[in-house]
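Fold and contact review
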Amino acid sequence: QVQLVESGGGLVQAGGSLRLSCAASGRTFSRYTMGWFRQAPGKEREFVGGIGWSGGNTRYADSVKGRFTISRDNAKNTVYLQMNSLKPEDTAVYYCAASLSPADVPFMTPRWYDYWGQGTQVTVSS
């Protein structure tokens, strides 16, 4: 069983920054591919970014490329999402997810992830 706890969400003005953290339980965090997703009211959950278990492979949604950066610290069992130049359309609940797949590739589809956090709200005001 893997437990994921997100933190770092909040209210920020457009153009501002936030850093989300996702702390994972378990001693094999270094083997998890991690992803960040978001869901706005009335919309489907969408992929934001992901990082393979080695940390060497990352992938981003086109809407956040150049603004968001995902990283991981396996010693702290934590994955981060640094969000810069935030826009009102980034407003959503952000979820982190863990995949037990041995592939060192961040998946863009939610069904490939095995565990999910409860989410943290990010609100960007204009």
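Look above for the structure.
Attention in this report is confined to the structure presented alongside it. (Residues numbered from 1 in each chain as written. Predicted model: local features only at pLDDT ≥ 70, side-chain atom pairs only at ≥ 80, totals over all residues. Heavy atoms only, no water.)

**Thoughts on the side chain of arginine 72**
On the secondary structure map, arginine 72 appears in strand E7 (residues 68–73). Buried arginine 72, no salt bridge; nearest opposite-charge side chain is aspartate 104, N-O distance 6.3 Å. Within polar-contact distance, the side chain of arginine 72 engages the side chain of asparagine 74 at 2.8 Å. Those residues within four positions of arginine 72 in sequence are excluded, and the remaining contacts are Phe29, Ser30, Tyr32, Thr33, Met34, Ile51, Gly52, Trp53, Gly55, Thr78 and Val79. (Helix = DSSP H or I, 4+ residues; strand = E, 2+ residues; numbered from the N terminus. Buried < 20%, exposed > 50% of the residue type's maximum accessible area, 1.4 Å probe, protein only. Lys, Arg positive; Asp, Glu negative; His and termini not counted. Salt bridge = Lys/Arg side-chain N within 4 Å of Asp/Glu carboxyl O. Polar contact = N/O pair within 3.5 Å; in protein donor to acceptor, adjacent residues only side chain to side chain. Contact = heavy atoms within 4.5 Å.)

**Observations concerning the pairing of strand E9 (residues 92–99)**
Across the eight residues of E9, seven count as buried, placing the element largely inside the fold. Here strand E4 (residues 33–39) runs beside E9; their pairing, made up of seven bridges, is antiparallel. Following the sheet pairing, arginine 38 is matched in E9 by tyrosine 94. Direction of pairing for E9 relative to strand E11 (residues 120–125): antiparallel, over a ladder of three bridges. Looking across to E11, one finds that valine 93 is bridged to glutamine 121. Of the pairings in the sheet, the one linking E9 to strand E10 (residues 115–116) comprises two bridges and is antiparallel in character. Looking at the pairing, alanine 97 lines up with tryptophan 116 of E10. (Pairing = 2+ DSSP bridges.)

**Focus on the sheet that holds strand E3 (residues 18–24)**
On the basis of which strands lie adjacent, the open sheet formed by four strands has the order E1-E3-E8-E7 and antiparallel pairing. Strands at the two margins of the open sheet, each flanked by one partner only, are strand E1 (4–7) and E7. Ignoring which end each strand starts from, the neighbouring axes of this sheet average 15 degrees apart. Where E3 meets strand E8 (residues 78–83), six bridges bridge the pair, whose relative direction is antiparallel. (Axes fitted to C-alpha atoms, helices over the stretch in contact; angles between N-to-C directions.)

**Remarks on the nonpolar core**
Considering soluble globular proteins, one finds that nonpolar side chains tend to be buried as a cluster. Core analysis: the biggest nonpolar cluster contains 35 residues, and Leu4, Met34, Trp36, Leu81, Met83 and Tyr94 have the highest contact counts within it. Within the residue set of this core, elements represented by two or more residues are E3, E4, strand E5 (46–51), E7, E8, E9 and E11. (Core = buried A, V, L, I, M, F, W, Y, C linked by side-chain atoms within 4.5 Å.)

**Points about the state of the cysteines**
This structure, assessed with the given rule, holds one disulfide. Residue cysteine 22 pairs covalently with cysteine 96 via a disulfide, S to S 1.9 Å. Residues cysteine 22 and cysteine 96 share a disulfide whose torsion about the S-S bond is about 45 degrees; that sign makes it right-handed. Note that cysteine 22 is positioned in strand E3 and cysteine 96 in strand E9, a separation of 74 residues in sequence. Here cysteine 22 matches cysteine 96 in class, with each residue buried. (Disulfide = S-S within 2.5 Å.)

**Considering the pattern of salt bridges**
This model, assessed by the stated rule, comprises four salt bridges. Among the ionic pairs, arginine 38 bridges to glutamate 46, the shortest N-O distance being 2.6 Å. The exposure class of arginine 38 is buried, given its relative accessible area of 5%. Overall, the relative accessible area of 35% leaves glutamate 46 in the partly exposed class. One network of salt bridges, in which partners are shared, links Arg38, Glu46, Arg67 and Asp90.

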